[in-house]
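What follows is each chain in one-letter form.
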Amino acid sequence: MEIAPWLKAGLWGLLAGSALLLGAAIGYFAPIRQRLVAGIMAFGSGVLISALSFDLMDEAFEQGGFTATGLGFLGGAAIYTFANWLLNQRGAKHRKRSGNQQANEQENSGSGTALAIGALIDGIPESIVIGISMIKGGTVSLVAVIAIFLSNLPEGLSSSAGMKKAGRSVNYVIGVWGFIALASGLASIAGYSVFGQFSDEVIASITALAAGAILAMLADTMIPEAFEEAHDFTGLITVIGFLTAFLLSRLTEGA
């Protein structure tokens, strides 16, 4: 029996989101050095930058033109930045940091909820993109799925390590990332089911909006964590991640 396209979208989103849970478990239970965490974070940043450049933005431009793509891209960055600013005031500023920067409930009441919401807004744009990629032809963009999986792993790893140092319980940490993984699948279903009814220009704007939100998230959260520990090697590791995703994109095109 063939699986319905909307369910396929959800399963792909769940697969990509599961890397968050896997990374969280590793970060919480395994004694990994912060420098290694930072290196993995830099690699994941490069992967996502490549994916949004050559997969998301290029596709959005071809589908909807510059105006729709540009407005969506700027809008996504603006929406994410504003939401991130609000959450930072509530104690979620260092949610992806693996050191002792994260606030605990004693220092900032409500920071646990803010951390969970922050993790959610970080992951939703990426998951929506997976569903949108299936609208035409019902085939998922494997490059997007692989890139998001590879970037989600260090996100969960770094954040959970910081949560542990802030005194968060294992039930809280695994519960948060398990919920985000499930929400990733639901967001992919929404990306396929909801936006499939709209015009090419609207779909292009939404794709670019997600790309803008992802790039803003990288600049605000992932890259600072990578530089904090990796320092002079951050740029090189990021470039390696970028090149990896670029090669995956070209190999997939030729397949």
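Computed from a prediction, not measured in an experiment: that's the story for all the values here.

Criteria and thresholds
Residue numbers here run from 1 along each chain, matching the order of that chain's written sequence. Where totals are concerned, whole chains, interfaces and linings use all residues; where local detail is concerned, this predicted model gives features only for residues with pLDDT of at least 70, and gives and counts side-chain atom pairs only at 80 or more. No hydrogens and no water enter the side-chain calculation; it runs on all heavy atoms of the structure. Centres within 6.5 Å are what make two rings of Phe, Tyr or Trp a pair, Trp counting through its six-membered ring; a difference in plane orientation under 30 degrees is then read as stacked, over 60 as edge-to-face, and the rest as tilted. What counts as a helix is a DSSP run of H or I of at least four residues, what counts as a strand is a run of E of at least two, and both are numbered from the N terminus. In this scheme, a residue with accessible area under 20% of its type's maximum is buried, one over 50% is exposed, and one in between is partly exposed, where area comes from a 1.4 Å probe on protein chains only. Note on contacts: a residue pair qualifies if any of its non-hydrogen atoms lie within 4.5 Å across the two residues. A 3.5 Å cut-off defines polar contacts: any pair of N or O atoms within that distance qualifies, except that in protein one atom must be a possible hydrogen donor and the other a possible acceptor, and neighbouring residues in sequence count only when both atoms are side-chain atoms. Residues enter patches when they are more than 30% accessible in relative terms and free of salt bridges; like-charged ones are connected within 9 Å and nonpolar ones (Val, Leu, Ile, Met, Phe, Trp, Tyr) within 5 Å. Here, Shrake-Rupley sampling with a 1.4 Å probe gives the accessible areas, and only protein chains in the shown set may cover a residue. Between Lys or Arg on one side and Asp or Glu on the other, a salt bridge is scored when a side-chain nitrogen of the former is within 4 Å of a carboxyl oxygen of the latter. A residue's pLDDT is the confidence the predictor assigns to it, expressed on a 0 to 100 scale. All axes are obtained by fitting lines to C-alpha atoms, using only the stretch in contact for helices, and the reported angles, taken between N-to-C directions, cover 0 to 180 degrees. Angular relationships are summarised with four words: roughly parallel below 35 degrees, roughly antiparallel beyond 145, roughly perpendicular across 65 to 115, and oblique for the angles in between. Each crossing gets its handedness from the near helix: less than a right angle anticlockwise from the far helix is left-handed, clockwise is right-handed. Amino acids are sorted into nonpolar (Ala, Val, Leu, Ile, Met, Phe, Trp, Tyr, Cys and Pro), charged (Asp, Glu, Lys and Arg) and polar (every other residue, Gly among them). Among the buried residues, those of types Ala, Val, Leu, Ile, Met, Phe, Trp, Tyr and Cys that are joined through side-chain atoms within 4.5 Å form a nonpolar core.

How two aromatic rings sit relative to each other is set out by the distance from centre to centre and by the angle between their planes. For the structure shown, the criterion picks out five aromatic pairs. On the numbers, 6.3 Å between centres and 25° between planes, the contact of phenylalanine 82 with tryptophan 85 is stacked. In this pair, phenylalanine 82 and tryptophan 85 both sit in helix α2 (residues 34-92), three residues apart, roughly one turn of the helix. Residue tryptophan 85 is classed as partly exposed on the basis of its relative accessible area of 49%. Ring geometry for phenylalanine 195 and phenylalanine 198: centres 6.2 Å apart, planes at 40°, overall tilted. Note on phenylalanine 198: relative accessible area 42%, which makes it partly exposed. Counting every residue linked through ring pairs, the aromatic cluster contains Phe54, Phe242 and Phe246.

Our focus in this paragraph is the environment of threonine 238. Of note, threonine 238 is situated in helix α7 (residues 234-254). Residue classification places threonine 238 among the buried residues on the basis of a relative accessible area of 16%. Distance in space between the C-alpha atoms of threonine 238 and phenylalanine 43 is 4.8 Å, their sequence separation being 195 residues. When residues no more than four places from it in sequence are discounted, the contact partners of threonine 238 are Ala42, Ser45, Gly46 and Ile49. Only 2.7 Å separates the side chain of threonine 238 from the backbone oxygen of threonine 234, close enough to count as a polar contact.

For the rest of this paragraph, the subject is a nonpolar patch on the surface. Taken together, the side chains of Ile3, Trp6, Leu7, Leu11, Leu14, Leu182 and Leu186 make up a nonpolar region of the molecular surface, amounting to roughly 630 Å² of accessible area. Of all the secondary structure elements, the ones that give two or more residues to the nonpolar patch are α1 (5-29) and α5 (170-193). Looking at which element gives the most residues to the nonpolar patch, the answer is α1, with four residues. By the element assignment, leucine 14 lies in helix α1. Among the residues examined, leucine 14 registers a relative accessible area of 35% and is labelled partly exposed.

For the rest of this paragraph, the subject is the confidence of the model for the chain. Confidence in the prediction of the chain, expressed as mean pLDDT, is 81, and 87% of residues score 70 or more. Note that pLDDT drops below 50 for residues 108-112; the model gives that stretch 15 contacts with residues more than four away or on any other chain.

Let us look at the packing of α1 against helix α4 (residues 142-165). The interhelical angle for the contact between α1 and α4, taken along N-to-C directions, is 30°, at an axis separation of 6 Å. Judged by the angle between their axes, α1 and α4 are roughly parallel. Between α1 and α4 the crossing geometry is right-handed. Across the contact of α1 with α4, the residue classes tally to 16 nonpolar, seven polar and two charged.

Our next topic: the nonpolar core. Counting 27 residues, the largest nonpolar core has Leu48, Leu52, Leu56, Ile130, Ile214, Leu218 and Met222 as its most contacted members. Sorting elements by how many residues they give to this core places helix α6 (residues 200-230) first, with 11 residues. Once residues lying within four places of it in the same chain are set aside, the contact partners of isoleucine 130 are Ala9, Trp12, Gly13, Ala16, Val140, Val145, Ile148 and Ser188.

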